[in-house]
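Here is what each chain is made of, one letter per residue.
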Amino acid sequence: ALPVLEANLALKRRYWSHDEQGILSAQTSIGNCLDQLGRGEEALALRRAIYAKGVASLGASHEDTIVDGYNVSSSLLNLELWDEFKSFVRDQMLPVARRSLGADHDVTLDFNKNLANALRWHPECTRSDLCLCWCDWLRHGFSQHRRRPARSRG
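Residues numbered from 1 in each chain as written. Predicted model: local features only at pLDDT ≥ 70, side-chain atom pairs only at ≥ 80, totals over all residues. Heavy atoms only, no water.

Participant: Can you lay out the environment of arginine 48 for me, pointing to particular residues and giving the numbers?
Facilitator: Looking at where arginine 48 falls in the secondary structure, it is placed in helix H3 (residues 40-58). The class for arginine 48 is partly exposed, based on a relative accessible area of 35%. Residues arginine 48 and asparagine 71 lie 23 residues apart in sequence; the distance between their C-alpha atoms is 8.7 Å. (Helix = DSSP H or I, 4+ residues; strand = E, 2+ residues; numbered from the N terminus. Buried < 20%, exposed > 50% of the residue type's maximum accessible area, 1.4 Å probe, protein only.)

Participant: I'd like a description of H3, backed by residues and values.
Facilitator: The end-to-end C-alpha separation of H3 is 26 Å, in line with the 27 Å expected for 19 residues at 1.5 Å each. Along H3, the residues classified as buried are Gly40, Ala43, Leu44, Leu46, Arg47, Ile50, Tyr51 and Gly54. At its buried positions, H3 is contacted by helix H2 (20-36), helix H4 (63-78) and helix H5 (82-100). Glycine 59, located one to two residues past H3, shows a positive phi value of around 95°. (Expected span 1.5 Å × (residues − 1). Contact = heavy atoms within 4.5 Å.)

Participant: Before we move on, can you summarise H5 with the specific residues and values?
Facilitator: Over its 19 residues, H5 runs 25 Å from end to end, which matches the ideal 27 Å to within 8%, given 1.5 Å per residue. For H5, the principal kink sits at methionine 93 and spans about 40°; a proline, proline 95, occurs within the next four residues. Residues Trp82, Phe85, Phe88, Val89, Met93, Leu94, Val96 and Ala97 constitute the buried set of H5. Here the buried face of H5 lies against H3, H4 and helix H6 (106-121). Within two residues after H5, glycine 102 carries a phi angle of roughly 100°, on the positive side. (Bend = angle between axes of the 7 residues up to and from the residue.)

Right, dumping it as C-alpha cells:
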C-alpha cells in the first residue's frame, strides 16, 4: 500500500501542486501507513511536518490541524515519548481542541483518553497527575468515547 500512496502523492505534487490541502491529505495517508507498518520514527517526522504546515496554512484552531496534532500525539504515544507527549497534549492540543471543537467532541475526548493512558503507563507519573487527568476525562463524557484508528484529514 505504501508505494501506491507515495505514487498518489507524487501525482498530486506534479498535477495539483496548487492543492495544498490535497497534498497534506496524501501525506497524512502515508504517515498513517508508516505507523501501521511499524515505522514509527518516520511516521512521527512526517506527521510533525504535516502539523506544522497545517498550523501555517489553516491555523492552530482548524479541525484538520487539530486532527494532525492528534496524529502527532499518537506517534509520540506509540514511541513512548512520555514527557513530550504529555506536554504536547496537555499544554498545546487539549486547550485548542476544547476551545475550537468543544469538550464533548470525539477528537477532544480521544486526546483526554490518550493522555490518561499515557500517564497510567508512564513510569514516573504521579498519582496527582493521573487523578487530574481521569477526573477531567470522566467529567467530559467518557461514555460516548470509542476507540478509533489514526485519523485522516477532511
